[in-house]
Amino acid sequence: MVISSELSRDSDLFVPDSRRAWIRLAVAVLIGSLGSVGMWSVVVALPVVQTEFAASRGTASLAFTMVMLGFGSGGVLTGKITDRYGIVTAIGLGIGILGLGYVVAGMSTSIWHFILVHFAIGLSSSATFGPLMAEASHWFDRYRGLAVAIAASGNYIGGTIWPPLVNFGIEQLGWRTSHVAIGIFTAVAMTLALIGLRMLMGAGGQRDHDNAAPPRVDLKLSTNALTAILSLAGIACCVAMSMPQVHIVAYCGDLGYGVARGAEMLSLMLGFGIISRIGSGFLADKIGGIRTLLIGSFAQGTALLFYLFFDSLTSLYVISAMFGLFQGGIVPSYAIIVREAMPASEAATRVGIVIFASVFGMSFGGWISGAIFDATGSYGAAFANGLAWNALNITIMVLLLMRARQRLAMA
């Protein structure tokens with residue numbers, strides 16, 4: 001009787017950490033997994049699109065760049081929409097743009113048409129990552145860290161499921177029909193899931209942050225200052241993170257193991273990343289977001305160090321699994337820190353800004369690692385560069401932790 005009545009309550013009476021909160025989270029993960037297609041389909045379609053339009057690999061790769069730019073800037077925009085109008089409105093707009101974007105991509109008349117439309121696809125996918133993490137943080141108090149990490153896992157679940165599905169569609173139907181089919185399917189499936197989420201949030205659930213718990217940590221920093229610090233930390237950790245994720249396939253090719261082996265290692269990273277994200281959520285609920293991020297960053301640096309000294313096939317598989325297990329929880333930890341230290345009414349916007357910074361770090365890191373390889377003829381210096389950026393991230397987190405302890409002692 002208590003459970004059934006709970007599902008019909010207005011959001012003003014919503015109870016954090018309740019069964020209703022977990023049901024909302026399950027629907028959110030489903031939406032995030034569907035919406036993340038924009039991050040992964042372009043990688044699979046790249047070779048056939050390049051061939052059809054007789055484009056260079058560099059030109060065709062700009063489609064992925066546009067996805068990342070759209071995803072990063074879209075996180076800020078959809079975050080602002082979420083804070084003002086609610087997550088349902090933000091995701092609803094994203095669904096429309098995503099479906100239309102894929103249909104238009106499938107009808108592309110030139111490579112530049114295909115490239116430019118991927119900015120819209122990346123922007124629409126952003127609504128199902130950063131804003132969704134921030135929103136999930138409002139539904140939980142005791143298990144907030146775990147909830148944020150689970151919400152973020154939708155992106156990695158999509159990364160595990162979508163590539164083989166997109167590849168199958170391209171082989172059976174061609175890339176154009178596959179893109180149109182993706183647009184129609186995601187629009188319908190995500191709309192149904194969003195209707196379910198809207199029903200769970202109730203008529204008064206336009207902005208769940210109105211009744212969310214206040215910040216737990218006072219760092220005596222303005223929200224703008226803390227956002228800037230976390231953004232710098234996000235750039236630093238993601239420059240380091242991008243080295244194996246962007247270049248492991250090419251690295252294996254250079255070592256003579258073949259690109260297929262590198263692709264397997266990349267999948268291994270993402271698979272272990274799901275475990276890492278959920279585990280980091282458990283840890284954050286015990287020790288807080290700053291400590292969790294610091295542990296993840298230190299572990300990520302350790303894995304990068306191993307890449308410098310071991311390059312046998314077996315060791316690369318093991319290190320890649322370790323890297324995924326270590327780094328998967330880092331990005332969600334930023335959302336946890338934002339929620340712990342900033343007002344709930346600004347959470348989605350602030351998370352979006354930090355995610356934008358991390359996306360910039362991934363983009364810059366992927367490029368600079370390639371540039372270092374071109375200059376040195378080896379990935380050794382590129383791994384060392386990643387370690388240096390990782391050390392900057394650790395330094396920032398240590399300083400924030402020391403500040404938090406100092407404020408706690410003064411209190």
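Residues numbered from 1 in each chain as written. Predicted model: local features only at pLDDT ≥ 70, side-chain atom pairs only at ≥ 80, totals over all residues. Heavy atoms only, no water.

Per an unreviewed UniProt entry, the chain goes by the name MFS transporter and belongs to Bradyrhizobium retamae.

A. Representation of the overall build of the chain. When helices and strands are tallied, the chain shows 16 helices and 0 strands. For 411 residues, the compact-globule estimate of 2.2 N^0.38 gives 22 Å, and the chain sits close to it at 21 Å. Each principal axis of the C-alpha atoms in the chain carries an extent, and together these give about 60 × 50 × 35 Å. By residue count, 54% of the 411 residues in the chain fall in the buried class. Total accessible area on the chain stands at roughly 16500 Å², and carbon and sulfur atoms take up 70% of it. (Helix = DSSP H or I, 4+ residues; strand = E, 2+ residues; numbered from the N terminus. Rg over C-alpha atoms; globule rule 2.2 N^0.38 Å. Buried < 20%, exposed > 50% of the residue type's maximum accessible area, 1.4 Å probe, protein only. Areas by Shrake-Rupley, 256 points an atom, 1.4 Å probe, with all protein chains shown as cover.)

B. Focus on the packing of helix 10 (residues 223-255) against helix 15 (residues 347-376). For the pair helix 10 and helix 15, the least separation of the axes is 6 Å and the interaxial angle reads 40°. By crossing handedness, the relation of helix 10 to helix 15 is classed as right-handed. (Axes fitted to C-alpha atoms, helices over the stretch in contact; angles between N-to-C directions. Left-handed = near helix turned anticlockwise from the far one by under 90°.)

C. Quick look at helix 13 (residues 313-327). Along its 15 residues, helix 13 runs 21 Å from first to last C-alpha, staying within 8% of the 21 Å computed at 1.5 Å per residue. Elements in contact with the buried residues of helix 13: helix 8 (144-173), helix 10, helix 11 (259-287), helix 12 (289-309) and helix 14 (330-341). (Expected span 1.5 Å × (residues − 1). Contact = heavy atoms within 4.5 Å.)

D. Seen up close, the layout of surface pockets. The calculated volume of the largest pocket comes to roughly 1900 Å³. Forming the walls of the largest pocket are 49 residues, and the residues nearest its centre are V43, F64, Q245, V246 and L266. At the level of elements, helix 3 (37-53), helix 4 (57-85), helix 8, helix 10, helix 11 and helix 15 are the ones that each hand at least two residues to the lining of the largest pocket. Ranked by residue count, the leading element in the lining of the largest pocket is helix 8, at 9 residues. Each of domain 1 (18-202) and domain 2 (213-410) gives at least three residues to the lining of the largest pocket. (1 Å grid on protein atoms, 1.4 Å probe; cavity = no way out; pocket = protein on both sides within 12 Å on 5 of 7 lines; lining within 4 Å. Points joined across faces, edges and corners; volume = space filled by probe spheres on them. Domains from an automatic or database assignment.)

E. The domain arrangement of the chain, seen in detail. Under the domain assignment used here, the chain contains domain 1 (18-202) and domain 2 (213-410). Computed over C-alpha atoms, the centres of domain 1 and domain 2 are 22 Å apart. Between domain 1 and domain 2, the residue contacts involve 34 residues of the former and 35 residues of the latter. Of the roughly 2700 Å² buried between domain 1 and domain 2, counting both surfaces, carbon and sulfur atoms make up 67%. For domain 1, the biggest contributors to the area lost against domain 2 are D83, R144 and Y156; these three give 26% of the whole. At the surface where domain 1 touches domain 2, the tally comes to 0 salt bridges. Listed by contribution, the elements that provide at least two residues to the side of domain 1 that touches domain 2 are helix 4, helix 7 (130-138) and helix 8. (Buried area = accessible area lost by both parts, 1.4 Å probe. Salt bridge = Lys/Arg side-chain N within 4 Å of Asp/Glu carboxyl O.)

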